[in-house]
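Chain residues, written in single-letter form:
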Amino acid sequence: MAGHEFPDPADRKQVADPLSDLQAAEEACHSCDPAFRHGVVVGFDGSTSSERALAYAIGMASRSGSGLIIVHVANRLPTTVWAGCEPPVFVDVPDHRTEVLGLELACADYLTEVPWILVERGGDICHELEEVGREYSADAIVVGSTHGLVGRIFGSVAGRLARRARRPVIVIP
């Protein structure tokens, strides 16, 4: 036909399909080990407050008969670019602490009561804990309270998480 061109199927733009987005989300959700679905997520970094949170989460998982998802979020350091008033940029720092924590947890006698896994993430602690909670459809997220100057300046992880989480957050002092 003169004046009209019909594009080949390869030239056509794909329109976002809401059903495919939903299916992708369901596949990501089902890729988690089903033994840990509706488990208890606990933030753990080896500190005293995170050890108390872990002890509470173990008891909670044991009483509910669910799995324990222990989450270690790797460090991110802010690298601020002040020239031009650009927002801060965060740089991921290699964190070998997860391997050490994993070995310590594997040798711990107190974790024999419940099935558990250790998940390593990098990024914002609050976002990553909530994301893991969403992925596993966790019943609750348990964190230790933050003490000290850093928590006062930047806001505690527990406080920020409690304000934004979509599931119960339990803060252990």
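Provided above is the structure to which this section pertains.
Enquirer: It is not clear to me how the pattern of salt bridges should be interpreted in this structure. Could you clarify?
Expert: A full pass over the atoms with the stated rule returns six salt bridges. Between Arg121 and Glu128 there is a salt bridge, with the nearest N and O atoms lying 3.3 Å from each other. For the pair Arg121 and Glu128, a shared accessibility class is recorded, and that class is buried. We note a salt bridge from Arg160 to Asp124, for which the minimum N-O separation is 3.3 Å. Linking Arg160 in helix H6 (residues 157-164) with Asp124 in the loop between strand S5 (116-122) and helix H4 (125-135), this pair joins segments that are 36 residues apart in sequence. Within this structure, Arg121, Glu128 and Glu135 form a network of salt bridges that share partners.

Enquirer: Quick question: what am I supposed to make of the sheet that holds strand S7 (residues 169-172) here?
Expert: Adjacent strands of a sheet form backbone hydrogen bonds with each other and so pair up, either parallel or antiparallel. Taken together, five strands build an open sheet; the order of strands is S5-S2-S1-S6-S7 and the sheet is parallel. Two strands in the sheet have a free side with no partner beyond their single neighbour: S5 and S7. On average, each strand axis in the sheet is tilted by 25° relative to the strand beside it, whichever way the strands run. Here strand S1 (residues 40-43) pairs with strand S2 (residues 68-74) via four bridges, running parallel. The residue of S2 that forms the bridge with Gly43 is Val71.

Enquirer: Can you walk me through H4 in this structure?
Expert: Helical periodicity: at 3.6 residues per turn, an α-helix aligns residues three or four positions apart in one direction. Regarding H4, the residues found buried are Cys126, Glu128, Leu129, Glu130, Val132, Gly133 and Glu135. At the C-terminal side of H4, Ser137 shows a positive phi close to 50°.

Thresholds, definitions, all that
Residues numbered from 1 in each chain as written. Predicted model: local features only at pLDDT ≥ 70, side-chain atom pairs only at ≥ 80, totals over all residues. Heavy atoms only, no water. Salt bridge = Lys/Arg side-chain N within 4 Å of Asp/Glu carboxyl O. Buried < 20%, exposed > 50% of the residue type's maximum accessible area, 1.4 Å probe, protein only. Helix = DSSP H or I, 4+ residues; strand = E, 2+ residues; numbered from the N terminus. Pairing = 2+ DSSP bridges. Axes fitted to C-alpha atoms, helices over the stretch in contact; angles between N-to-C directions.

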